[in-house]
Amino acid sequence: MDWEQKLGKTEAALESKTDECARLTTANATIQAKVQELTSALASKDQEMVAQDANFKVVEDKLVGESASSFAEGFAEAFVQAACVNPGIDVSGCGPLHEVVDGKLVPLEASEE
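Just so you know, these numbers come straight off a predicted model, no measurement behind them. (Residues numbered from 1 in each chain as written. Predicted model: local features only at pLDDT ≥ 70, side-chain atom pairs only at ≥ 80, totals over all residues. Heavy atoms only, no water.)

The next point concerns the overall build of the protein. A count of helical and extended segments in the protein gives one helix and two strands. In the protein, the succession of α and β elements from N to C terminus is α-β-β. The globule rule puts the C-alpha radius of gyration for 113 residues at 13 Å, and the 39 Å found for the protein is more than 25% above it. Over its C-alpha atoms, taken along the principal directions, the protein stretches across nearly 120 × 35 × 15 Å. Counting all 113 residues of the protein, 4% fall into the buried class. A separation of at least 24 residues holds for 3% of the contacts in the protein among residues at least 6 apart in sequence. A total accessible area of about 9,700 Å² is found for the protein, and carbon and sulfur atoms account for 60% of it. With 9 positive and 21 negative side-chain charges, the protein shows a spacing of 17 Å between the two charge centroids. (Helix = DSSP H or I, 4+ residues; strand = E, 2+ residues; numbered from the N terminus. Rg over C-alpha atoms; globule rule 2.2 N^0.38 Å. Buried < 20%, exposed > 50% of the residue type's maximum accessible area, 1.4 Å probe, protein only. Contact = heavy atoms within 4.5 Å. Areas by Shrake-Rupley, 256 points an atom, 1.4 Å probe, with all protein chains shown as cover. Lys, Arg positive; Asp, Glu negative; His and termini not counted. Charge placed at Lys NZ, Arg CZ, Asp CG, Glu CD.)

On to the environment of glycine 88. Mapped onto the fold, glycine 88 is located in the loop between α1 (3–85) and β1 (98–101). Given the relative accessible area of 78%, glycine 88 is considered exposed.

All right, on to the environment of lysine 57 then. One can find lysine 57 in helix α1. Separated by 39 residues in the primary sequence, lysine 57 and proline 96 place their C-alpha atoms 27 Å from one another.

Attention shifts here to the pairing of strand β2 (residues 104–107). Strand direction decides the pairing type here: β1 and β2, joined by four bridges, are antiparallel. Bridging from a neighbouring strand, valine 100 pairs with leucine 105 of β2. Count of turn residues in the β1/β2 antiparallel hairpin: two residues, of which aspartate 102 carries a positive phi of about 50 degrees. (Pairing = 2+ DSSP bridges.)

Approximately 150 Å³ is the volume found for the largest pocket. Residue lining of the largest pocket: 13 residues in total, with Ala78, Ala82, Cys94, His98 and Val100 positioned closest to the centre. For the lining of the largest pocket, the secondary-structure elements that each account for two or more residues are α1 and β1. When residues in the lining of the largest pocket are grouped by element, the largest group, four residues, is from α1. (1 Å grid on protein atoms, 1.4 Å probe; cavity = no way out; pocket = protein on both sides within 12 Å on 5 of 7 lines; lining within 4 Å. Points joined across faces, edges and corners; volume = space filled by probe spheres on them.)

Here we come to the environment of lysine 45. Mapping lysine 45 onto the fold places it in helix α1. Separated by 20 residues in the primary sequence, lysine 45 and glycine 65 place their C-alpha atoms 30 Å from one another.

Let us look at the pattern of salt bridges. What the rule picks out here adds up to four salt bridges. With its nearest N and O atoms 2.6 Å apart, the salt bridge here joins arginine 23 to glutamate 20. Within this pair, arginine 23 and its partner glutamate 20 are both found in helix α1, separated by three residues, close to a single helical turn. Under the relative-accessibility criterion, glutamate 20 is labelled partly exposed at 32%. In this structure, the salt-bridge partner of glutamate 48 is lysine 45, at a minimum N-O distance of 3.4 Å. In this pair, glutamate 48 and lysine 45 are both assigned in helix α1, three residues apart and thus about one turn of the helix distant. (Salt bridge = Lys/Arg side-chain N within 4 Å of Asp/Glu carboxyl O.)

Structure (structure tokens):
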């Protein structure tokens, strides 16, 4: 094979590699644009989730407050009822984990199952 043939093959191979490089450069640019788009979407979703979490915290705090208030009201009502049903027992030291047994205020025992 003479040098002109070798040069022709080398030029053809170089042109093929140049075309492949251009194709890969275009593909890379497309992928980089998609990565940027997804990164932006993810950041936006993250901000949305942070705001939603803050809203959930507000709702949770409100519900906990309402539950505690409801519990306190119910417990106060139970005090009144316990004092009426057991007039000779001082229920002022009573808590939700106490009960009246045989005319005495005692702590609730853990249920055995």
